[in-house]
Amino acid sequence: MADRYFVSQPIAGDRVVLSEAEAHHLARVMRAQPGDEVVLFDGTGGEYRARLEQVTRHEVRLSVGPRLEIDREARLRVTLGVALPKGDRQRWLIEKAVELGVARLIPLETQRGVAQPAANTLERLARGVIEAAKQCGRNRLMEVAAAASWSSFVGAAPGGSVRLLAHPAGEMPADAGAAKPLSLLSPPHSLAAQTEVWIAVGPEGGLTADEVRAALDQDWQAVDLGARILRVETAALALAGAYLLG
Ligand code: SAM
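What comes next is a walk through the structure. Keep in mind that what you see is a predicted model, and the values were worked out from it rather than measured.

### A closer look at the site of the ligand
What surrounds the ligand is a group of 18 residues, the closest being A166, G202, L225, R228 and L230. For the ligand, an oxygen atom lies 2.6 Å from a polar atom in the backbone of A166. The backbone of L230 places a nitrogen or oxygen atom 2.9 Å from a nitrogen atom of the ligand. In isolation the ligand has 560 Å² of accessible area, and contact with the protein removes 91% of it. When atom positions are compared with the pocket grids, the ligand is found to occupy the largest pocket. At the level of elements, β13 (221-224) and α6 (232-245) are the ones that each hand at least two residues to the shell around the ligand. Here the residues of the shell around the ligand are counted per class, giving 10 nonpolar, 4 polar and 4 charged.

See the structure below:
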């Protein structure tokens, strides 16, 4: 795949000027020269072949070919609500979620959550989304939404969506039903294209019984991911991956 660069404004016309991080990467890191060819995308779903015309220290001017409608989105539309882990594990989670094809990630505020994203964290995560999309070829950016409370998230899943709550079978509240293994759920390939799949993953400290009940009350299905306790990012990517790749 040719080197890909992100244009933060919708591309219109036959000329584009790259500045800041993308120009720096192209001009200083890649040492690109006039005449070199790259691919541009603006997050709206298509991509463009482009040729460098002028390279300066601060900006790169390119001539742009016609829009190519190349769709590398997943068949199902996955929204991943996750109580974010700390530090580098956040960045790793974002990168892999983009690669797998998650449509939207919503950081969750939970009773035992530890790392709630500040505004500058969300900006850093947004940059991680762009870098991952450049690398993996996605022409749409995974949305990183503002943090949501647990109750608002589990209540917001639209009618007709598949709602999956990752929760170990052995941790289910006594008065709730059993968490099912993936093998007992409808297989992902049986779901119609564009079906909304909403996934919820709790914090390192686990979800409280009240939080689990709140989700079950909104018709979420508890899903057991096996006998081992997975870290937040492992559980999130394993469950999202099962639906996005299945
Ligand atoms: N002791 C905690 C508990 O009671 O859930 C462990 C929390 S785990 C580190 C973080 C989150 O990952 C959990 O809230 C759950 O959403 C998900 N998770 C981890 N292992 C899982 C498993 N085996 N089955 C289902 N979900 C799991």
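### Quick word on the sheet that holds strand β5 (residues 59-68)
Read from one edge of the open sheet, 5 strands run β1-β3-β4-β5-β2, paired in mixed fashion. The open sheet has two edge strands, β1 (4-6) and β2 (15-19), and neither has a second partner. When the angles between neighbouring strand axes are averaged without regard to direction, this sheet yields 40 degrees. Of the strand pairs in this sheet, strand β4 (residues 47-55) and β5 are connected by 7 bridges, and their pairing is antiparallel.

### A closer look at the pairing of strand β7 (residues 104-109)
Within β7, 5 of the 6 residues are buried, which leaves it mostly tucked inside the rest of the structure. In this structure, strand β6 (residues 77-82) lies alongside β7, joined through 4 bridges in parallel fashion. The residue bridging T79 from the neighbouring strand is R104, located in β7. Note that β7 and strand β8 (residues 143-144) share 2 bridges and pair parallel. The residue bridging R104 from the neighbouring strand is E143, located in β8.

Cut-off values and rules
Residues numbered from 1 in each chain as written. Predicted model: local features only at pLDDT ≥ 70, side-chain atom pairs only at ≥ 80, totals over all residues. Heavy atoms only, no water. Near = heavy atom within 4 Å. Polar contact = N/O pair within 3.5 Å; in protein donor to acceptor, adjacent residues only side chain to side chain. Areas by Shrake-Rupley, 256 points an atom, 1.4 Å probe, with all protein chains shown as cover. 1 Å grid on protein atoms, 1.4 Å probe; cavity = no way out; pocket = protein on both sides within 12 Å on 5 of 7 lines; lining within 4 Å. Sits in = over half its atoms within 2 Å of the grid points. Helix = DSSP H or I, 4+ residues; strand = E, 2+ residues; numbered from the N terminus. Nonpolar A, V, L, I, M, F, W, Y, C, P; charged D, E, K, R; others polar. Pairing = 2+ DSSP bridges. Axes fitted to C-alpha atoms, helices over the stretch in contact; angles between N-to-C directions. Buried < 20%, exposed > 50% of the residue type's maximum accessible area, 1.4 Å probe, protein only.

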